[in-house]
Amino acid sequence: MAMAYSPKVRDHFANPRNVGKIEDASGVGEVGNAKCGDIMKMYLKIENDVIVDVKFNTFGCGAAIATSSMATEMIKGKTIDEALQLSNKAVVEALDGLPAVKLHCSVLAEEAVKAALLDYYTKNNLPVPEECKTACDHDCENCMS
Amino acid sequence: MIYFDNAATTCVSKTALDAMMPALTENYGNPSSLHLLGQTSNQALDEARQTVAKCLGAQPNEIYFTSGGSEADNWAITQMALQGQKKGKNHLITTTFEHHAVLHTMKRLEKNGFEVTYLDVHEDGVVRPEDLEAAIRPETALVTIMYANNEIGTIQPVEELAKVCHDHKVLFHTDAVQAVGHLPIDVKAQGIDMLSLSGHKFHGPKGVGALYCRRGVRLTNFIEGGAQERNRRAGTENLPGICGMAAALQEACDNMEENNARVSAMRDKLIAGITPIPCTRINGSLEHRLPGNVNASFEGIEGESLLLRLDLAGICASSGSACTSGSLDPSHVLLAIGTPVEVAHGSLRLSLDEVNTMEEVDYCLEQLPKIVELLRSMSPVWEQMQKEGRC
């Protein structure tokens, strides 16, 4: 089975961006399952609807760490509406592709962002957008997709 | 670069390469040809067969060359199963932690009406002869149990297992791919009826292996179309591979004692250096273990990340076996010894042999704890474990 990672994936794995935690985060989302082999935790700092800071912690394979890293780069400085539009496909494209068996990691990255946004909406009694309602639940069945 | 993945494959030794060169160059004749060039090749083939036989305590006419260990496993198991079926015997016994060459063959036979018993390998990764005895039935056609496990390196009590089989008049096959060239083997003294081996696990070339089948055990044809391997496996022989494998095996057997003393000292140093890392376990029996095998699980981190980080540090390792590294599932071997799924994800296999050095072990012990710490520092699983005081 071909398992080659692109140079971009390798770079984001070797030098992950935005690793860490935000103590006073506006929203925190955790998705995945240790039994599936990956968990992502995303921290957002939101000011005036803009994501001013983002950090992540990930337990998972090389692709899980690289997609988390890339997703944080793609939403940093963006508005929450823009972040809500982040798709797993865009993350994969930005990384110059992922092996087929690792595509689920990009789904996880998208869901981690949405889960953190859901936390932000809920905490602030804001209406939860449709995009966020469905994607924030993750279990072993869809981690293999 | 440090190569700690010798259970996946080894480099071809100079001795093996030198033995291959004539067959790749001037002695290119087909061993089945009657002319001088053909007969020169035939002579080399005979000699290689004698060498392999001698190293196993077998007779040359009990050795069948194959394309590797997987073919030998497939051949032995399917043919013995089919022969058993003709006599109304449709039960097979194996273990839960075999190589997939055995397990997938069993799955196929199950679809064809066989019943398979998978013996427990206990927490230490060692099969108990009494478990085997309890599983044998009048309709058992074959027992196949690996000599040493490819992931956790545990060595099975082959002689006792074979004796149980013989007491019940059942054939005993062993997948000895990880053991041949590394452990002393005498098929006659140990009562092994059939044994699979692979050349590239002991510094021979890839794509060549052998099946030992005791005289008196009827082996049916595996590939039709020629008289090679006493009509059992047609196809012009891979003479360069066979000569290289035989030379490598001879070399490995000649130096076995010395190699094992050196390699097991490196293994023990690695184990002693890894064990103090918090929430870390060494998988499989420490006592019944291949000289070069280290297998550890680090809680809170994932194996592939660990491998990639080690690779960045110039260390080639493996998590589980290379055959399954494209899979997302944790190692079936670690699950078989009762490792929790989330812990099994964080496993690492370092497989050493005589080409490695103590300096390489020291470098690995300098890098590995740092990498584990780095990955744990960014792991939400580790964070949770800390919060719950689990580590």
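Structural notes, computed from the coordinates. (Residues numbered from 1 in each chain as written. Chains lettered and ligands numbered in written order. Predicted model: local features only at pLDDT ≥ 70, side-chain atom pairs only at ≥ 80, totals over all residues. Heavy atoms only, no water.)

When its secondary structure is counted, chain A shows seven helices and three strands. Along chain A, helices (α) and strands (β) appear in the sequence α-β-β-β-α-α-α-α-α-α when read from the amino end. Within chain A, residue pairs in contact and separated by at least 24 positions form 63% of the contacts whose partners lie at least 6 positions apart. With an accessible surface of roughly 6200 Å², chain A has 50% of that area assigned to carbon and sulfur atoms. (Helix = DSSP H or I, 4+ residues; strand = E, 2+ residues; numbered from the N terminus. Contact = heavy atoms within 4.5 Å. Areas by Shrake-Rupley, 256 points an atom, 1.4 Å probe, with all protein chains shown as cover.)

Looking now at the overall build of chain B. Within chain B one finds 14 helices and 12 strands. In terms of C-alpha radius of gyration, chain B reaches 22 Å, essentially the compact-globule figure of 21 Å for 391 residues. Its C-alpha atoms put chain B at 75 × 50 × 35 Å along the principal axes. Within chain B, the proportion of its 391 residues that are buried is 59%. The contacts of chain B with a sequence gap of at least 6 include a subset with a gap of at least 24, amounting to 73%. Measuring between centres, the 33 positive side-chain charges of chain B sit 5 Å from its 49 negative side-chain charges. (Rg over C-alpha atoms; globule rule 2.2 N^0.38 Å. Buried < 20%, exposed > 50% of the residue type's maximum accessible area, 1.4 Å probe, protein only. Lys, Arg positive; Asp, Glu negative; His and termini not counted. Charge placed at Lys NZ, Arg CZ, Asp CG, Glu CD.)

Another aspect to go through is the interface of chain B and chain A. Opposite the 24 residues of chain B that make contact, chain A presents 30 residues. Taking both partners together, chain B and chain A bury about 2100 Å²; carbon and sulfur atoms supply 64% of that area. Between the two partners, chain B and chain A, sit three salt bridges. For A:Lys102, the salt bridge goes to B:Glu304, with nearest N and O atoms at 2.6 Å. If you look at where chain B meets chain A, you find 11 residue pairs in polar contact (both at pLDDT 80 or more). For the side of chain B that touches chain A, the secondary structure elements donating two or more residues are helix H10 (303-312), helix H12 (341-344), helix H13 (358-377) and helix H14 (380-387) of chain B. Residue contributions to the side of chain B that touches chain A peak at six residues, all from H10(B). By residue class, the composition of the side of chain B that touches chain A is nine nonpolar, seven polar and eight charged. (Buried area = accessible area lost by both parts, 1.4 Å probe. Salt bridge = Lys/Arg side-chain N within 4 Å of Asp/Glu carboxyl O. Polar contact = N/O pair within 3.5 Å; in protein donor to acceptor, adjacent residues only side chain to side chain. Nonpolar A, V, L, I, M, F, W, Y, C, P; charged D, E, K, R; others polar.)

Residue and element names in this part refer to chain B. Position of Arg 376 relative to the elements: it lies in helix H13. An unpaired buried charge is present at Arg 376: no salt bridge exists, and Glu 299, the closest side chain of opposite charge, is 6.8 Å distant. A distance of 3.1 Å separates the side chain of Arg 376 from the backbone oxygen of Cys 279, its partner in a polar contact.

Under the definition given, this model contains 27 salt bridges over all chains. Notably, a salt bridge pairs A:Lys114 with A:Glu110, separated by 2.7 Å at the nearest N-O pair. You can see A:Lys114 and its partner A:Glu110 sitting in helix H5 (residues 103-123), four residues apart, about one turn around the helix. Each of the two residues, A:Lys114 as well as A:Glu110, counts as buried. A salt bridge links B:Glu139 to B:Arg137; the nearest nitrogen and oxygen atoms lie 3.7 Å apart.

It is worth spelling out the pairing of strand E8 (residues 209-213) of chain B at this point. Residue and element names in this part refer to chain B. For E8, the buried fraction is high: five of the five residues fall into the buried class. Burial along E8 is two-sided: the face carrying Gly 209, Leu 211 and Cys 213 and the face carrying Ala 210 and Tyr 212 are both buried. Pairing of strand E2 (residues 63-66) with E8, which is carried by four bridges, proceeds in the antiparallel orientation. Counted as the bridge partner of Phe 65 is Ala 210 from E8. (Pairing = 2+ DSSP bridges.)

All names here are of chain B. Tallied over the full model, the rule gives one disulfide over all chains. Here Cys 279 pairs with Cys 391 through a disulfide, and the sulfurs are 1.9 Å apart. An S-S torsion of about 135° defines the bridge between Cys 279 and Cys 391 as right-handed. One end of the pair, Cys 279, is in the loop between helix H9 (256-274) and strand E9 (280-282); the other, Cys 391, is in the segment after H14, and 112 residues separate them in sequence. (Disulfide = S-S within 2.5 Å.)

What follows covers a negative patch on the surface. All names here are of chain B. Together, Glu 130, Glu 133, Glu 159, Glu 160 and Asp 186 make up a negatively charged patch on the protein surface. Those elements giving two or more residues to the negative patch turn out to be helix H5 (129-135) and helix H6 (158-167). Given the relative accessible area of 48%, Glu 160 is considered partly exposed. (Patch = residues over 30% accessible without salt bridge, like charges linked within 9 Å, V, L, I, M, F, W, Y side chains within 5 Å.)

Residues and elements named next belong to chain B. Where nonpolar side chains cluster on the molecular surface, the patch consists of Val 12, Leu 17, Met 21 and Leu 24 and spans about 340 Å² of accessible area. Its location among the elements puts Leu 24 in helix H1 (residues 14-24). By relative accessible area, which is 51% here, Leu 24 ends up exposed.

So, on to the pairing of strand E5 (residues 140-144) of chain B. All names here are of chain B. Of all five residues in E5, five are buried, a share of seventy percent or more. Inspection of the sheet shows E5 paired to strand E6 (residues 171-175) by three bridges, in the parallel sense. Paired with Val 143 across the two strands is Phe 172, which belongs to E6. The parallel pair E5 and E6 is bridged by H6, and the resulting crossover is right-handed. (Right-handed = clockwise from strand over helix to strand, strands pointing away.)

Our next topic: the packing of aromatic side chains. Going through the model one piece at a time under the given rule, you end up with three aromatic pairs over all chains. Measuring from ring centre to ring centre gives 5.3 Å for B:Trp75 and B:Phe222, while their planes differ by 15°; the resulting arrangement is stacked. Of this pair, B:Trp75 sits in helix H3 (residues 69-86) while B:Phe222 sits in the loop between E8 and helix H8 (239-254), and the two are 147 residues apart along the sequence. Connected via pairs of aromatic rings, a cluster forms that spans B:Tyr64, B:Trp75 and B:Phe222. The ring of B:Tyr64 is capped by B:Arg230, whose NZ or CZ atom sits 4.3 Å from the centre of that ring. The positively charged end of B:Arg309 is found above the aromatic ring belonging to A:Phe13, 5.0 Å away from the centroid. (Phe/Tyr/Trp six-rings, centres within 6.5 Å; stacked < 30°, edge-to-face > 60°. Lys NZ or Arg CZ within 6 Å of the ring centre and 35° of its normal.)

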